[in-house]
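# Commentary on secondary and tertiary structure
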Amino acid sequence: MLLLIDSLPILAQAAVITVFLAIVSMVMGLIIGLFVALARISSNQWFRRLAMAYVSLIRGTPLLVQIYVVYYGLPQVGISLDPIPSGILALSINAGAYLSESFRAAIESVDKGQMEASFSLGMTYPEALRRIILPQCIRTALPTVGNTFIGLLKDTSLVSVITVTELLQSASLIIARTFQPLLLYLEVGFIYWVFSTGFSMIQDRIELRAARHVRK
Amino acid sequence: MAIIEVSGIHKKFGNSEVLKDICLEVEESQVVVIMGPSGSGKSTLLRCMTFLEEPDAGVVRMDGLEVQAGSPDRYRHKLIRQLRQNTGFVFQHFNLFPHKTALENIMEGPLVVKKASEKEAKELAEELLRKVGLSDRASHYPALLSGGQQQRVAIARALAMQPKVMLYDEPTSALDPELVREVLQVMKALANEGMTMVVVTHEMAFAKEVADRVIFMDDGYVVEDGTAKEIFESPVEERTRKFLNAIAI
Ligand SMILES: Nc1ncnc2c1ncn2[C@@H]1O[C@H](COP(=O)(O)OP(=O)(O)O)[C@@H](O)[C@H]1O
Ligand SMILES: [Mg+2]
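Residues numbered from 1 in each chain as written. Chains lettered and ligands numbered in written order. Predicted model: local features only at pLDDT ≥ 70, side-chain atom pairs only at ≥ 80, totals over all residues. Heavy atoms only, no water.

All names here are of chain A. Tracing the sequence through the fold places T156 in the loop between α6 (125-155) and α7 (167-178). Given a relative accessible area of 0%, T156 falls into the buried group. Discounting residues that sit within four places of it in the chain, T156 has contacts with T18, L21, A22, L91, E166 and Y192. Within the structure, the side chain of T156 is placed 2.5 Å from the backbone oxygen of L153, a separation counted as a polar contact. (Helix = DSSP H or I, 4+ residues; strand = E, 2+ residues; numbered from the N terminus. Buried < 20%, exposed > 50% of the residue type's maximum accessible area, 1.4 Å probe, protein only. Contact = heavy atoms within 4.5 Å. Polar contact = N/O pair within 3.5 Å; in protein donor to acceptor, adjacent residues only side chain to side chain.)

Printed below as a string of structure tokens:
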């Protein structure tokens, strides 16, 4: 019991790293996902193919392998990144692929008439996207975006393998000292659960707010 | 000189030719009603006139601005956007922006395309809402408006760009019968102010009362073109007669 409480401050600190990794990777993943989604629906077939290849590669390989490629593989071609940037890069690229798919679905679900109405006023494609199409996508994409974030939060545990002292790694370090794996891993699991559940409650509230003006 | 000059418009979808060498001239302040059976190419013609659909061949001249059918390039894109600014388009299904209020829908064009200030856009939008009789609905989202109200907002949204020409693609055919009148009234008032309009509609009464010309289209051709009286009372073509009999029922 004492161990649980003693370990809490250290784990809390590590949890901050975990949430930080998740949030930064999410923001970057959103940006990557948006551009990849746009490439995916573009009229240029090379953009489309490139985007499809990216999504297929990322979704078809384990995140762990992607992390290894970034951290251990890239230095061979002269790109050496510290553990945390490596982790963020791998996580963002991974999340970006999944997010691009939900953005694409959301963009395609917006009625064709919306783009036409925008064009008929004289808007450019980027103007129509920014003002009319994307704001409507956010509502549709919110559930999957939220789920991606929660998945990402748990996936951050994988970057422990490249010595980032996030939640899981920090628990392992305590275990190496105290030899209490069951207790500590359960505690860590519980902390992940608290964050996941907390964020999914926030997600529910955001979705409710976003649904305000819709009556179908 | 005609404010709208459309000539030699061809459009194919796959193997079927939907528009076959359409020519059309409309004088300033004229109201032209286009009728014809479903699938005859009326919507496609209207859409080609603002390049929402790319014609395979032909020229569109709107208020002195000429755009040819052809491959897209930057300069041509810009011309097309300019042409669209001068040409209001009203859709059968309104296509209002659901995430914006009635007022914001109308402000959108001036704000984004004309880079008007928030204040200018708002004043203009309020004035246009008054014009279509919906001042009390300014802060309503489209989902809370009736079909007739939505279509009136859509007309106001098109007018906000201060177009020289208005195109309507079956503006009342998605409406419940009791809501048709309020939309037609707004359109009539606009016609009386001298707006040049091309209206695809099957509202005979509107055509008789408002249209300077009625055009009958069938199978991608302009079959007949005359005054409402001529077309309705003494159509020359058998196809026109058949169609008029069918919609009169
Ligand atoms: N985007 C499209 N792709 C393929 N065929 C189309 C498309 N739009 C219209 N068509 C076809 O072109 C013909 C004319 O359509 P349309 O112009 O909508 O007729 P109308 O408005 O007179 O009912 C129809 O046969 C329709 O099926
Ligand atoms: Mg039609």
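Here we take up α6 of chain A. Compared with the 45 Å implied by 1.5 Å per residue over 31 residues, the 36 Å span of α6 of chain A between its first and last C-alpha is markedly short. A141 of chain A marks the point of greatest bend in α6 of chain A, at about 55°, and the proline P143 of chain A comes within the next four residues. (Expected span 1.5 Å × (residues − 1). Bend = angle between axes of the 7 residues up to and from the residue.)

All names here are of chain A. Taken as a whole and assessed by the stated rule, the structure comprises one cavity of 30 Å³ or more. Each pocket or cavity is described by its volume, and for the largest cavity that value is around 40 Å³. In terms of lining, the largest cavity is formed by A15, T18, V19, L153, L167, I191, Y192 and F195. Looking at the lining of the largest cavity, the elements that each hand over two or more residues are α1 (2-40) and α8 (181-210). (1 Å grid on protein atoms, 1.4 Å probe; cavity = no way out; pocket = protein on both sides within 12 Å on 5 of 7 lines; lining within 4 Å. Points joined across faces, edges and corners; volume = space filled by probe spheres on them.)

Take the sheet that holds strand β7 (residues 165-169) of chain B next. All names here are of chain B. Read from one edge of the open sheet, six strands run β6-β7-β8-β3-β9-β10, paired in mixed fashion. Edge strands, defined here as strands with exactly one partner in the open sheet, are β6 (87-90) and β10 (221-226). Pairwise comparison of adjacent strand axes, ignoring direction, gives a mean angle of 15° for this sheet. Bridge analysis of strand β3 (residues 31-35) against strand β9 (residues 213-218) gives four bridges, and the strand direction is parallel. Residue pairing for β9: V33 is matched across the bridge by V214. Set on the sheet, helix α6 (residues 177-192) makes contact with β3, β7 and β8 (196-200); between it and β8 the angle comes to about 150°. (Pairing = 2+ DSSP bridges. Axes fitted to C-alpha atoms, helices over the stretch in contact; angles between N-to-C directions.)

We now examine unusual backbone geometry. Residues and elements named next belong to chain B. Even without being glycine, D21 reaches a positive phi, approximately 60°. For D21, the location among the structural elements is in strand β2 (residues 16-26). Unlike most non-glycine residues, D219 shows phi in positive territory, near 55°. Position of D219 among the secondary structure elements: in the loop between β9 and β10.

Attention now goes to the side chain of K11 of chain B. Considering the arrangement of structural elements, one finds K11 of chain B in strand β1 (residues 4-13). Buried within the structure, K11 of chain B lacks any salt-bridge partner; its nearest side chain of opposite charge belongs to D56 of chain B, at an N-O separation of 4.2 Å. (Lys, Arg positive; Asp, Glu negative; His and termini not counted. Salt bridge = Lys/Arg side-chain N within 4 Å of Asp/Glu carboxyl O.)

Moving on: the site of ligand 1. All names here are of chain B. Every residue close to ligand 1 is listed here: F13, V18, P37, S38, G39, S40, G41, K42, S43 and T44. The separation between an oxygen atom of ligand 1 and a polar side-chain atom of K42 is 2.8 Å. Protein chains shield 57% of the accessible area of ligand 1, which is 560 Å² for the free molecule. Examining the composition of the shell around ligand 1, we find that three residues originate from one element, helix α1 (residues 42-49), more than from any other. Considering only residue class, the shell around ligand 1 consists of three nonpolar, six polar and one charged. (Near = heavy atom within 4 Å. Areas by Shrake-Rupley, 256 points an atom, 1.4 Å probe, with all protein chains shown as cover. Nonpolar A, V, L, I, M, F, W, Y, C, P; charged D, E, K, R; others polar.)

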